[in-house]
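Close look at the chain arrangement
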Amino acid sequence: MNDVQGSGRHLGAALLGVVGTTVLFALFGRLEAHWLALGWVAMVPWLAALDRARSAREALGLGVLLSVTFTAAVFHWFPGALQAYSRAPTAVGWALFLLVAPLLQLQFAAAALARYAARRLAREGQGWLPPLVGTLAYVGMEGITPKLFADTLGHGLYASEWQRQGADVAGAPGLTLVLLLGNECVLAALRAWRGQGARSAWRPAAGLAGLVLGLTGYGALRHAQARAATRADGGLVVGAVQANITRYEKLKAELGAYEVVRRVLDTHYAMSDALLRDGPVDLLVWPETVYPTPFGTPRSETGAALDAEIAGYVSERGVPLVFGTYDLEGEREFNAAMFLGPSSPGRAPERAAYRKTMLFPLTEWVPDLIDTPTLREWLPWTGRWKRGPGPRAVRFTLRDGRQLWVAPLICYETIFPEYVAQGVRQGAELLLTLSNDSWFTGTPAPRLHLMHAAFRSIETRRPQVRVTNSGVSALIDATGAVVAEVDDDQRAGLTMRVPATASLSTLALAWGDWLSPLALLAAVGLLAGGSLARRRARP
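Here is what the cut-offs are and how they apply
- Residues numbered from 1 in each chain as written.
- Predicted model: local features only at pLDDT ≥ 70, side-chain atom pairs only at ≥ 80, totals over all residues.
- Heavy atoms only, no water.
- Phe/Tyr/Trp six-rings, centres within 6.5 Å; stacked < 30°, edge-to-face > 60°.
- Helix = DSSP H or I, 4+ residues; strand = E, 2+ residues; numbered from the N terminus.
- Buried < 20%, exposed > 50% of the residue type's maximum accessible area, 1.4 Å probe, protein only.
- Lys NZ or Arg CZ within 6 Å of the ring centre and 35° of its normal.
- Expected span 1.5 Å × (residues − 1).
- Contact = heavy atoms within 4.5 Å.

1. Things to note about the packing of aromatic side chains
Throughout the structure, instances matching the rule amount to 27 aromatic pairs. An angle of 85° between the planes, with centres 5.7 Å apart, marks the rings of Trp77 and Phe440 as edge-to-face. Remark: Phe440 occurs in the loop between strand S8 (430-435) and helix H15 (445-460) and Trp77 occurs in the loop between helix H3 (56-74) and helix H4 (78-86); sequence separation between them is 363 residues. Judged by its relative accessible area of 8%, Trp77 falls in the buried class. Using a relative accessible area of 21% as the deciding quantity, one classes Phe440 as partly exposed. Aromatic pair Trp286 and Tyr313: ring centres 6.5 Å apart, planes at 45°, arrangement tilted. In this pair, Trp286 sits in the loop between strand S2 (283-285) and helix H12 (301-317) while Tyr313 sits in helix H12, placing the two residues 27 residues apart along the sequence. Across this residue pair, the class does not change: Trp286 and Tyr313 are buried. The side chain of Arg387 reaches across the aromatic face of Trp365, ending 5.1 Å from its centre.

Below, the structure is given as structure tokens:
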């Protein structure tokens, strides 16, 4: 009877640890300043439960369970958005989402197993080994996990204007490493306090203070440097149009394909003209797939006339335009950003196309290995776009004749730090993002997507113009601050005054994702070293 009661209490404590960490994660993940401190303690309940695990299987179970509860709490909006896109039952979306959660959040299971193994291998005086190995395994595994949303704990520090600047060292994973170490310090301080009194807790408490103050101090320094590199004069003026026309397929069924395109173009012409009347604009930007048909390779005479109409609008207004459209190469169709400049007398318009490479699985692109007629029959909403050739910097001419290098990004591509960095390494002075977040209107997703975009500006120290069809369109400076925006589910034109910004070097830009592989190797090395030492110690 006592064994049963003991097992019940043990299980209850373990579940309480998972629930506690899940709740703290859900609050911290709101990216609001008043929840910021929770990031430094969110892992403590789960870590405490994990250290009571009696077997590797139990540790693994705690890791898998947290991956499921974390996914449900932080990304609760995704199954509904999937239902809106695919029309599949919401219950099916939830079932599939939670089923793959352990793979999407593999770092929890990896950290749990690594911590348990290190606890078994640690010798006297090596109490530091399990926390360090678990932290390194967590960060290292995140670097190789194919996450849909590229999420990491460090993203929660975006709410701190200074602490988020630390992302220019090792990206958001670097902030995750600092937060995890901070959680370990809190857990160690609580245990020391409980076991030996308050005076024994000063070492881990001092470690936590050092992490917080060190990150904040570095961030304050880099924030000041980024501000100093931003000049008050110069720069460029961008006219951004967020027309909030969404659900093209539904409109097409109601009005017909031509009428939908006609409505979209007329709205964007009118809103662009309103921006031009307010003052000189160097560049007009419309969002992703705003022109939902191939540009430059029309499929009909009507399409050719619409292409000519857009080119004529650019020439008549004398302002270059970047807009989302489709690009064709034979039978291959790409999601693209089209750069169109005014034509000089006797010359063809300046034109360049960028093809989206990082496509959202299934909804935009299906890997050739599983792209079969049966799959298309079961999932008729799957996308048919092809992947572009990769990141590139595009140079084009502004209204006043200046040359500008930009790193074009389309929607999903903004969540991949290395992809963005490659475009900047080719000479881009500005990040230019076109996005369509309409399927997530009314959820936290548009704000989360904006947060990802802001981290790309911090890592590269490049300003960013982000234009969406339904929000959030924004101007982001080199510190990751949103300088101007049009909120979710709003229709508005926005004049963005992008300041001239001198280039700042960052380790994240120069070395890319250097932390994750190093952390994974270090975790494996520490475990191997501990195992070897234990074998040698045997009689």
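2. Comments concerning helix H11 (residues 257-278)
Between its first and last C-alpha, H11 extends 32 Å over 22 residues, near the 32 Å set by a 1.5 Å rise per residue. Where H11 is concerned, the buried positions are Val260, Val261, Arg262, Val264, Leu265, Thr267, His268, Tyr269, Met271, Ser272, Asp273 and Leu275. Those residues of H11 that are buried lie in contact with strand S1 (236-242), helix H10 (248-255), S2, H12 and strand S12 (492-498). Phi for Gly279, located one or two positions after H11, is positive at around 155°.

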